[in-house]
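The chain contents come next:
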Amino acid sequence: MVSRADRSRFAEWLWTVDHYLLAAFGLLMVGGVVLSFAASPPVAERIGVETFFFVKRQAIFLIPAIAIMLAASLMSPRLVRRAALILFVISLILMVATLFAGLEAKGARRWIYIAGFSIQPSEFLKPAFVVLIAFLLSESGRRREVPGVLFAFVLFAVCAVLLIAQPDFGQTMLLGLVWAGMFFLNGISWLIIMALGVIGVLGLMAAYAFLPHVTNRVDRFLDPSSGDTFQVDTAMDSFLAGGWFGRGPGEGTVKRILPDSHTDFIFAVVGEEFGVVICLVLVSVFAFIVLRGLNHASKDQDAFSRLATAGLVVLFGLQATINLAVNLHLMPSKGMTLPFISYGGSSLLSSAMTAGAILALTRKRPRPSRGDVVTVSRLSPSSLM
Amino acid sequence: MTLVTEPASFLQVRRAHPRTARGSVSASAVKSRVYVAMLAFACVYVAIAGRLVLLAETEASASTAWISAQDSVSASRPDLLDRNGEILATDIKTSSLYAEPRRILDVDEAVEGLTRILPDLNEKVVRHRLESGAGFVWLKRELTPQKAEQVHNLGLPGIGFLSENQRFYPGGPTAGHIVGSTNVDNQGISGIEKYIDDEWLSELQALGFASDRSIEPVRLSVDLRVQHVVRDELVKAMERYKAIAAAGIVLDAKTGEVVAMSSLPDYDPNDRSQALEKSRLNRATGGVFEMGSVFKSFTVAMALDSGAVSINDSFDATRPIRAAGRTITDFHGKNRILSVPEIFIYSSNIGTAKMMLATGVARQKEFLTRLHLTERLKTELPENAAPLLPPKWNELAAMTISFGHGISVTPMQTAVAAAAILNGGTLLPPTFLPRSQEEVKTLGTQVVSPDVSRMMRYLFRLNVLSGSGRRADVPGYTVGGKTGTAEKIENGRYVSNKRRNSFLSAFPMDDPRYVVLVVVDEPKPEHDGIGATAGLNAAPTVGAIIRRSAPMLGVMPRFGKGDEPIEISY
């Protein structure tokens, strides 16, 4: 055991990091590999690669993912900020490059091929974006002369444009929600919230009215008979087939016909093979991370680290929630990976960065004194009369 | 807080107020926002958990249905019986022995017990399998019930049976087209099997009740013995006349029940793959053909029923009819004036067409519709073809229809219509299920008058006594019938050397009990020098069928003063 008197970097980290959050993230990472044993072999067979191709890749990616998470969790808030800035700039450059040199898949350019790896830069953009927005908002609160809010708008506009250009509406929506959520968390007045809410609703309605792709998805959600709901129906069948305790590992059959069973619909596969009980465990791990993370944020005295923590947690939580809700047919289908669980190298590494940053920001730090603020002022001569 | 802008003063005041974040927003406000976010997330997670629990609960009922369906797939179909209770189709239930080696307590005991009861099991192999520690191993498939019972009585833990079931048709192809067949999941895909699925069985299975082993058997109107006779005679006829196909129907003239129906080539329902071959389709209800001169029976009945023609009228058949560039001639031309009975027994196309003309086109159309010859005739079988009608029902079409060309109907339709005009004028829809007298009364519709029906019986009998149907006669059973020799159409033209022959008959003619229809496709002359008309192949086939099946059907032969025509005076 490391002594508390030990002041080494590692010892300090060990004593200050939130062990429960760390354990929860670790659980998800290992769970992702275990569950990919269930979900990815049928896909591998379908596309004609070796049965455990995806499992192996997921396991291999786990090593850098763990390293990144631990390394990130060692950082101080200031370092987090800097790392986020660097990551943001790199991601932005890569995203621009993607538009010109990206791999086109299913009508979208989201991937870029670098050094033998296909990378989805938008995955890495998300956590960096959140940290930067937190920085801008907290700075603008601290020093009035910093046009933080303006920069936050510009930053979001740039990211949104790049994402829509791909096009990737799911990520745009996620980023927009997190962005708006951070304004909310920063204590924006309810009046503006309502105005923004109206704009958001109008935006969604506009998307519904003018983007046939969105119209289609929503229609199919509201009226399943209006179109092809194969994926969602199959996902529901998975849960029904699984029941409370599942059919058992490897016994699933619905997964064989479920498209994207190893990525967007892995939760349904978990439902079929391991049952609703394990699904509930998985959901509660996500819920634990989100609620504990937000709880940390609520206690944080520092504006930046409070906002950054809350923003990252909301990012992580929203992505998971949307994926779960789509799997359970609680909302229109939207391609969104389940952090740590879904197959995907970029997604895994990005989730690891997010997790690492959350761990870093929630480490116990010396707090500013809680004494009252004392103002000394001169009495006006008039008051002496 | 009062901030003072006045010049510096030596007096100072200290005021303490709570520390706020050095920002525009107070820490407590932010804190409450985070709590709102936490609440929102908590609500969403509760919703997700609720949905999961709901799904798991829904599953509970769905899953039992699924299991029982899985179970019933192989088990629960009712037996199909013929009218005498003979089995046409049944489920064979076999038990297959398996073991769950991990749950076996004493391998020695298990091996000893199993090999004692099932001596053909290899002791070494069984021991190896039981010691393997696997979750599940098969030991022996398809045990007899006795052996299964003995093994069961050993009471070995970890040894169990799975019930495997298969549809079996003991008669093989005999009634293949009637009973139909099932797919690998034991769902009916054709014939009566599909009918019972569509009617009630599939719903029963969906509700999970079909796993019950004792579903009431379904009894059909078919008589397996007669069915065998019909098929046997058709097989012989196909061989003898080198025909490419044949169909035969025995219909109860008084009730509309189908007693036998065979279409060759047929298939063995135990071997489903055969059913896919196109040539094996059910011609009796699923194929439509130009029935040829057999149709003259309907034209004559129509003419007599309309009152426009009486049995004593005569028509000039000396010259062919020319209409719209077509010439209608007679095959057995007599080239003289023919009476109605002569037109019928000599099968005069000219005379028949003239009888039709005397009656009128509209009436013909109406009469054939009344006999259900112009629309799809529904039976329990899913295989029912719709008739092919002329594109324009003008006078030329009407004339050709009068002697059975230009309209294609199923043999079953023909037999049903014939039963109506011979049984006293009551049209009864055909059925493959037993029909009670009450149902007959409610279902029957009068289509021709009893008088006309009597005259038609007379004509049918006359045709067998002194017309083209002589070879169909069976002593004692007063067979009556009409031949039909239709030239087949190839590439849109009639070819004279390919025929489809039919013989439409009923017996006994004084009070017809059964209608028998035989169609032989492309028969060749039996030997050189003779023709291949219906009277030479279809008629003797009908004769053979009646000879063999009438005694089974309980029709008493009557030998009066010689084989005289029935006494009818007009």
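Just so it is clear, the structure is predicted and the values come from calculations on it, not from any experiment.

Q: I'm lost on the overall build of chain B in this one. Help?
A: When helices and strands are tallied, chain B shows 17 helices and 19 strands. Long-range contacts, defined here as pairs at least 24 residues apart, represent 70% of the contacts in chain B between residues at least 6 apart. Approximately 26,200 Å² of chain B is accessible, and the part contributed by carbon and sulfur atoms is 53%.

Q: Is there a simple way to explain the overall build of chain A in this structure?
A: Of regular secondary structure, chain A possesses 13 helices and four strands. Evaluated residue by residue, chain A yields a buried proportion of 51% over its 385 residues. Across chain A, every contact between residues at least 6 apart in sequence was considered, and the portion connecting residues at least 24 apart equals 70%. Counting only carbon and sulfur atoms, one obtains 70% of the accessible surface of chain A, whose full area is about 17,200 Å².

Q: It is not clear to me how the sheet that holds strand 17 (residues 480-490) of chain B should be interpreted in this structure. Could you clarify?
A: Sheet strands pair via backbone hydrogen bonds, and the direction of the pair is either parallel or antiparallel. Residues and elements named next belong to chain B. Taken in spatial order, the five strands of this open sheet run 8-7-19-18-17, and their pairing is antiparallel. Of all strands in the sheet, those with a lone pairing partner are strand 8 (258-264) and strand 17, marking the two edges. Neighbour-to-neighbour, the strand axes of the sheet open up by a mean angle of 10 degrees, direction not taken into account. With eight bridges joining them, strand 7 (residues 245-252) and strand 19 (residues 514-521) adopt antiparallel strand pairing. Considered in strand 19, the bridge of Ile-249 is made with Leu-517. Of the strands in this sheet, strand 7, strand 8 and strand 19 touch helix 7 (residues 224-240), which is tilted by about 30 degrees from strand 8.

Q: I tried to follow the packing of aromatic side chains on my own but got confused; where do I start?
A: Aromatic ring pairs are described here by two measures, namely the spacing of the ring centres and the angle between the planes. Taken as a whole and assessed by the stated rule, the structure comprises 19 aromatic pairs over all chains. Summarising the aromatic geometry, the rings of Phe-25 of chain A and Phe-316 of chain A are spaced 5.6 Å apart at their centres and angled 85 degrees between planes, so their arrangement reads as edge-to-face. Here Phe-25 of chain A, found in helix 2 (residues 19-47), pairs with Phe-316 of chain A, found in helix 12 (residues 303-327); they are 291 residues apart in sequence, far enough to count as distant. Phe-25 of chain A sits in the buried class, given a relative accessible area of 0%. Note on Phe-129 of chain A and Phe-156 of chain A: the rings are 6.3 Å apart at their centroids and 50 degrees apart in plane angle, and the pair reads as tilted. Here Phe-156 of chain A lies in helix 6 (residues 148-165) and Phe-129 of chain A lies in helix 5 (residues 121-142), a separation of 27 residues in the sequence. In this structure an aromatic cluster arises from ring pairing among Phe-129, Phe-153, Phe-156, Trp-179 and Phe-183 of chain A. Positioned over the ring face of Phe-304 of chain A is Arg-81 of chain A, at 4.7 Å from the centre of the ring. Lying across the ring of Phe-344 of chain B, Lys-482 of chain B places its NZ or CZ 5.6 Å from the centre.

Q: So what exactly am I meant to see when it comes to the pairing of strand 7 of chain B here?
A: The two faces of a sheet get side chains in turn, since along a regular strand they alternate between them. Residues and elements named next belong to chain B. Among the eight residues that make up strand 7, eight are buried, leaving the element largely enclosed by the rest of the structure. Because side chains alternate across strand 7, one face comprises the buried residues Ala-245, Ala-247, Ile-249 and Leu-251, and the other comprises Ala-246, Gly-248, Val-250 and Asp-252, equally buried. Here strand 7 pairs with strand 8 via six bridges, running antiparallel. In the sheet register, Ala-247 faces strand 8, and the bridge partner there is Ser-263.

Q: Any chance you could explain the environment of Gly-317 of chain A here in plain terms?
A: Examined against the element boundaries, Gly-317 of chain A turns out to sit in helix 12. Measuring from C-alpha to C-alpha, the distance between Gly-317 of chain A and Leu-338 of chain A comes to 9.7 Å, with 21 residues separating the pair along the chain. What Gly-317 of chain A contacts, discounting residues up to four positions off in sequence, is Val-290 of chain A together with Phe-41 and Tyr-45 of chain B.

Q: How should helix 7 of chain B be read in this particular structure?
A: Because each turn of an α-helix spans 3.6 residues, side chains separated by three or four positions in sequence point in the same direction. Residue and element names in this part refer to chain B. Taking 1.5 Å as the rise per residue, helix 7 with 17 residues should run 24 Å; its terminal C-alpha atoms sit 24 Å apart, in good agreement. For helix 7, the complete set of buried residues consists of Leu-224, Val-226, Gln-227, Val-229, Val-230, Glu-233, Leu-234, Ala-237 and Met-238. At its buried positions, helix 7 is contacted by strand 3 (87-99), helix 5 (176-179), strand 7, strand 8, strand 19 and helix 17 (534-549).

Q: Would you take a moment to explain unusual backbone geometry for this structure?
A: Only a minority of non-glycine residues have a phi that is not negative, and only a minority of peptide bonds are not trans. In the segment running from Leu-264 of chain B into Pro-265 of chain B, the intervening peptide bond is cis, with an omega of -5 degrees. Residue Pro-508 of chain B follows Phe-507 of chain B across a cis peptide bond; omega there is -20 degrees. Mapping Pro-508 of chain B onto the fold places it in the loop between strand 18 (493-507) and strand 19. Look at Phe-340 of chain A: it is not a glycine, yet its phi comes out positive at around 75 degrees. Despite not being glycine, Glu-522 of chain B shows a phi value in the positive range, around 50 degrees. Considering the arrangement of structural elements, one finds Glu-522 of chain B in the loop between strand 19 and helix 17.

Basis of the calculations
- Residues numbered from 1 in each chain as written.
- Chains lettered and ligands numbered in written order.
- Predicted model: local features only at pLDDT ≥ 70, side-chain atom pairs only at ≥ 80, totals over all residues.
- Heavy atoms only, no water.
- Helix = DSSP H or I, 4+ residues; strand = E, 2+ residues; numbered from the N terminus.
- Contact = heavy atoms within 4.5 Å.
- Areas by Shrake-Rupley, 256 points an atom, 1.4 Å probe, with all protein chains shown as cover.
- Buried < 20%, exposed > 50% of the residue type's maximum accessible area, 1.4 Å probe, protein only.
- Pairing = 2+ DSSP bridges.
- Axes fitted to C-alpha atoms, helices over the stretch in contact; angles between N-to-C directions.
- Phe/Tyr/Trp six-rings, centres within 6.5 Å; stacked < 30°, edge-to-face > 60°.
- Lys NZ or Arg CZ within 6 Å of the ring centre and 35° of its normal.
- Expected span 1.5 Å × (residues − 1).

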